[in-house]
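Descriptive structure summary
This is what each chain is made of:
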Amino acid sequence: MTDGSPTPLRPMPDDWRRALAVVAHPDDLEYGCSAAVASWVADGRQITYVLATRGEAGMDTMTPERARSLREAEQRAAAAAVGVRAVEFLDHRDGVIEYGIPLRRDIAGAVRRHRPELVITLNHRDTWASGAWNTPDHVAVGRAVLDAVADAGNRWIFPELTEQGLRPWDGVRWVAVANSPTPSHAVPAEAGFEQGVRSLLRHRAYLEALTEEDPETYARRFLADNTRVHSSRFAGEPAVAFELFSR
């Protein structure tokens, strides 16, 4: 804008019914966009979660064998807190996810299976808005999502998926990237905020291992800060911001 003020965030498209959220770890969606998911589900939209890993390497205080089942259970509870019932795991190895053909194939298979109009993922860029370095898992999954959406619609890519009964799907209209350092669109956060807090709190064991702060105080503060950071670009409203790619 010519006066130097930040570009306003545009409202997210609302002419869709089915979305697929694909991220690397349990808790990624709860830190990223659960308040938006809660409001979408309340509006009657269908959303499915797909996790590349079960988060088994995420707790220094617990062996991967124990953490795997605990974090899966916490993720299912977190999804239920915002009304999401369908949660799937691709079982890539936590901490060392590799961008490549196997990951693209698995995500393309999920897109074909669920046939969404909107796909949601987490920041795929090298840094967060603060300038902090992003993790390799987030980068690999986010970039694979952007590519797999196109793969899912091409019958000549991964024909083995077609042989498994997963017909090509070219119906994805947008990919929305949560927590991007360069957001373009947003969803009002107020309606789904309390559900978002409850959803993040379902990762209680993880939060207790992560911080000495009271889990509810931590979750409420983090999400309040996260939804206020872009409010000046969204008519002063707390917002869940996304970088939106159209197809």
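Above this text sits the structure in question.
Residues numbered from 1 in each chain as written. Predicted model: local features only at pLDDT ≥ 70, side-chain atom pairs only at ≥ 80, totals over all residues. Heavy atoms only, no water.

Observations regarding the nonpolar core
- Core analysis: the biggest nonpolar cluster contains 32 residues, and V37, W40, I47, Y49, L118 and F242 have the highest contact counts within it.
- The set of elements that each furnish at least two residues to this core consists of β2 (18-23), α2 (34-42), β3 (46-51), β4 (86-89), β5 (118-122), β6 (174-178) and β8 (239-246).
- By residue number, the principal contributor to this core is α2, which donates six residues.
- Counting residues in each nonpolar core, the second largest holds 26 residues, with L20, A148, A152 and V172 among its members. (Core = buried A, V, L, I, M, F, W, Y, C linked by side-chain atoms within 4.5 Å. Buried < 20%, exposed > 50% of the residue type's maximum accessible area, 1.4 Å probe, protein only. Helix = DSSP H or I, 4+ residues; strand = E, 2+ residues; numbered from the N terminus.)

Observations regarding the sheet that holds β3
- Spatial ordering of the open sheet is given by β1-β7-β8-β6-β5-β2-β3-β4, a layout of eight strands whose pairing is mixed. Sheet topology places β1 (10-11) and β4 at the edges, where each strand pairs with a single neighbour.
- Where β1 lies against strand β7 (residues 185-188), two bridges are found, and the strand directions are parallel. Across the sheet, R10 pairs through a bridge with H185, a residue of β7.
- In the packing of helix α5 (residues 136-152) onto the sheet, contacts are made with β2, β5, β6 and β8, and the angle to β5 comes to roughly 160°. (Pairing = 2+ DSSP bridges. Contact = heavy atoms within 4.5 Å. Axes fitted to C-alpha atoms, helices over the stretch in contact; angles between N-to-C directions.)

Details of the side chain of E56
- When you line up the elements, E56 lands in the loop between β3 and α3 (64-81).
- One buried charge, E56, has no salt-bridge partner; the nearest side chain with opposite charge is R68, at 4.2 Å.
- Polar side-chain contacts of E56 include one of 3.0 Å to the backbone nitrogen of D94.
- Excluding residues that lie within four positions of it along the chain, E56 makes contacts with P64, A67, R68, H92, R93 and D94. (Lys, Arg positive; Asp, Glu negative; His and termini not counted. Salt bridge = Lys/Arg side-chain N within 4 Å of Asp/Glu carboxyl O. Polar contact = N/O pair within 3.5 Å; in protein donor to acceptor, adjacent residues only side chain to side chain.)

Comments concerning the packing of helix α4 (residues 101-114) against α5
- Close contact between α4 and α5 brings their axes to 8 Å; oriented N to C, the two are set at 55°. Taken as axis vectors, α4 and α5 run oblique relative to one another. You can see that α4 and α5 cross each other, and the crossing is right-handed. Packed against α4, whose contacting residues are L103, R104, I107, A108, V111 and R112, the element α5 presents A140, V141, A144, V145, D147, A148, D151 and A152 at the interface.
- Residues belonging to the contact of α4 with α5 are distributed by class as follows: ten nonpolar, no polar and four charged. (Parallel < 35°, antiparallel > 145°, perpendicular 65-115°, else oblique. Left-handed = near helix turned anticlockwise from the far one by under 90°. Nonpolar A, V, L, I, M, F, W, Y, C, P; charged D, E, K, R; others polar.)

Quick word on the environment of D137
- Among the structural elements, D137 can be located in helix α5.
- Along the backbone, D137 and H25 are 112 residues apart, and their C-alpha atoms lie at a distance of 8.4 Å.
- Discounting residues that sit within four places of it in the chain, D137 has contacts with A24, H25, D94, G95, V96 and I97.
- At a separation of 2.7 Å, a polar atom in the side chain of D137 contacts the main-chain amide nitrogen of G95.

Bear in mind that shape data such as this cannot, by itself, settle questions of function.
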